[in-house]
Amino acid sequence: MPAAGPDDTAGGRPGAAARDGAPGGAAQDALRGILGAEALLTGAACEPYLVDQRGLYRGRALGVALPRSVAQVSRLLALCNAQRIGVVPHGGNTGYCGGATPDESGRQLVLSLARLNRIRSVDPANDSLIAEAGCILAQVQEAASQAQRLFPLSLGSEGSCQIGGNLSTNAGGTSVLRYGMMRDLVLGLEVVLADGRVLSSLSGLRKDNTGYDIRGLFLGAEGTLGVITAASLKLFPQIASTATAFAAVADVRAAVTLLARLRAASGERVSSFELIPRIGIELTTQHIPGVTDPLGASHAWYVLCELSSARAAEPLAAILTEVLGAALDDGLVLDAALAGSERERAALWRLRETIPAAQRKQGAGLKHDISVPLSALPEFVARGSSWVSTHVPGARLVAYGHVGDGNLHFNLSETQGAVRGELTARAAEVQRALHDLAVSLGGSFSAEHGIGRLKVAELERYAPATELELMRAVKRAFDPHGIMNPGKVLRAAPADRDER
Ligand code: MLT
Ligand code: ZN
């Protein structure tokens, strides 16, 4: 599908004439009137909010708003809607697609949710809690744990990412296999709409079969339909026993077979199943202090697998040992080590979770966040690897991720001593080949990290035309003036691009 033309715009612009409140001193004064002077950052103080964590985008902004209440968010959006000021919601800035970074116009307002960071309530009997958008994910996990419950979303960035960002990007992580993505962990939402109205639906009901799933539209919308200010989240029984193993596998097909065997032997107890390539060990042992190779001998592929249960007396280690033993006999597994303590378990997870950081330290890289049906994963890896070695022989493939979900981060790293910029100059060509391959195998070009600004053209290329049309219609219905995170997920209207 060709890229969108000028008519293929995201938001219609009824009443778009209003240029009167053009951002600047007057708009800043009005914002200060709503927030208080210290809660509107301007000038150099905005700097940390203007660059995404990968350094792909550097924007400018009219200011950074730090509201303390939903009422302030509501008034602020009503003002921005009336004055046609683009609003860019901003959480922990840990996203991968530039979704929280303003554009280069200097006319957009960054809306940080950081000060809306209270756990409003915990209801253990209902297995739910209500958290405000600016709560750090680890804070939500801790609140659940205080109530002897589990909030299962687990990400490498959980110490700094915010729950509002997790909701808005429908975050995944390493427990999706068992608990689902963020979308599956939500019972209710509180959202401020583009015109300032507050949609409050935090009831915590598991059954509420009453028409269209309006709340669901905000999950994964990356702030383009409204601003999530709080959510009612599902809690689960705490984990009382785990068994964790690091195993070298013969190849990716063997990893997929091993997962099936583990599931057959233990049912829902498989909570994580992560693929790690040899280079993942090399990069982390080289760049991350304290990481060591769990097995010693070198193998091409490894898996980090974990079984867990709410029952303390579950024989998880015995199940894992038995399955791995049989897989060793059958040549699927080449070597394996079980974590003998919480310390050893944490060390294995540290290895896995620091692969992205180690890759960054290695130098420039290209990221691809693909998914395919599990049955097609070995074929994707075989064909993708062969394409990379033929067409980008100088790059090192760093393919790791959530095999259990059919989701791989099929990344490339430049070799040390490579000519600077050589790999990144080929980003578009490499992305095209790998995304085309994933889609041809029934997969997705963005399994986990969303669209943001980075993948707008990819969405236009791969989404069915009818789906795109419906997305644009939803955008128009929720945000007729196109003020909500313009240019993210869907291309902004040309006039929006001038103004915001
Ligand atoms: C991960 O699984 O570690 C993340 O999604 C990050 C990445 O793609 O690098
Ligand atoms: Zn991931």
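Residues numbered from 1 in each chain as written. Chains lettered and ligands numbered in written order. Predicted model: local features only at pLDDT ≥ 70, side-chain atom pairs only at ≥ 80, totals over all residues. Heavy atoms only, no water.

A. View of a nonpolar patch on the surface. Nonpolar side chains collect at one region of the surface, where Tyr-212, Ile-214 and Leu-217 lie side by side and expose about 340 Å² of accessible area between them. Among the secondary structure elements, Leu-217 is positioned in helix H6 (residues 214-218). Residue classification places Leu-217 among the partly exposed residues on the basis of a relative accessible area of 35%. (Patch = residues over 30% accessible without salt bridge, like charges linked within 9 Å, V, L, I, M, F, W, Y side chains within 5 Å. Areas by Shrake-Rupley, 256 points an atom, 1.4 Å probe, with all protein chains shown as cover. Salt bridge = Lys/Arg side-chain N within 4 Å of Asp/Glu carboxyl O. Helix = DSSP H or I, 4+ residues; strand = E, 2+ residues; numbered from the N terminus. Buried < 20%, exposed > 50% of the residue type's maximum accessible area, 1.4 Å probe, protein only.)

B. Summary view of the pairing of strand S18 (residues 395-402). In terms of burial, S18 is largely enclosed, as six of its eight residues are buried. Taken together, the eight bridges between S18 and strand S19 (residues 407-414) define a ladder with antiparallel strand orientation. Opposite Leu-397, over in S19, you have Leu-412 as the bridge partner. Linking S18 to S19, which pair antiparallel, is a turn of four residues; within it Gly-406 sits at a positive phi near 65 degrees. (Pairing = 2+ DSSP bridges.)

C. Fine view of the sheet that holds strand S9 (residues 198-201). Strand order in the open sheet made by the five strands is S5-S6-S10-S8-S9, with antiparallel pairing throughout. Looking at strand neighbours, the two that pair on one side only are strand S5 (119-123) and S9, the edges of this open sheet. Here the average twist between neighbouring strands, direction ignored, is 15 degrees. Two strands pair when backbone bridges link them, and strand S6 (residues 128-132) and strand S10 (residues 226-234) are joined in this way by five bridges, in the antiparallel orientation. Its bridge partner being in S10, Ser-128 is matched across the sheet by Lys-234. Sitting on the sheet, helix H3 (residues 137-146) is in contact with S5, S6 and S10, with an inclination near 150 degrees to S6. (Axes fitted to C-alpha atoms, helices over the stretch in contact; angles between N-to-C directions. Contact = heavy atoms within 4.5 Å.)

D. Geometry of the site of ligand 1. All residues in the neighbourhood of ligand 1 are listed as Tyr-96, Arg-352, Pro-356, Lys-367, Tyr-400, His-402, His-409, Glu-448 and His-449. At a separation of 2.7 Å, an oxygen atom of ligand 1 approaches a polar side-chain atom of Arg-352. At a separation of 3.1 Å, an oxygen atom of ligand 1 approaches a polar side-chain atom of His-402. The residue makeup of the shell around ligand 1, split by class, is three nonpolar, three polar and three charged. (Near = heavy atom within 4 Å. Polar contact = N/O pair within 3.5 Å; in protein donor to acceptor, adjacent residues only side chain to side chain. Nonpolar A, V, L, I, M, F, W, Y, C, P; charged D, E, K, R; others polar.)

E. Here's a closer look at the coordination of the zinc ion (ligand 2). Bound to the zinc ion (ligand 2) are the protein donor atoms His-402 (NE2), His-409 (NE2) and Glu-448 (OE), situated 2.1 to 2.2 Å from the metal. Going along the chain, you hit the donors of the zinc ion (ligand 2) in the pattern H-x6-H-x38-E. Of this pair, His-409 sits in strand S19 while Glu-448 sits in the loop between helix H13 (427-440) and helix H14 (456-462); the two residues are 39 residues apart in sequence, bridging distant segments of the chain. Comparing His-409 with Glu-448, the two get one shared label, buried. (Donors = N, O, S within 2.8 Å, 3.2 Å for Na, K, Ca; no water.)

F. View of the packing of helix H8 (residues 278-287) against helix H11 (residues 355-362). Viewed as axis vectors pointing N to C, H8 and H11 meet at an angle of 75 degrees, and their least axial separation amounts to 9 Å. In terms of their interaxial angle, H8 and H11 are classed as roughly perpendicular. Note on element contacts: H11 touches H8 through Ile-355, Ala-358, Gln-359, Lys-361 and Gln-362, opposite Gly-280, Leu-283, Thr-284, Gln-286 and His-287. In the contact of H8 with H11, the residues fall into three nonpolar, six polar and one charged. (Parallel < 35°, antiparallel > 145°, perpendicular 65-115°, else oblique.)

Limitation: the analysis is restricted to geometry and does not speak to function.
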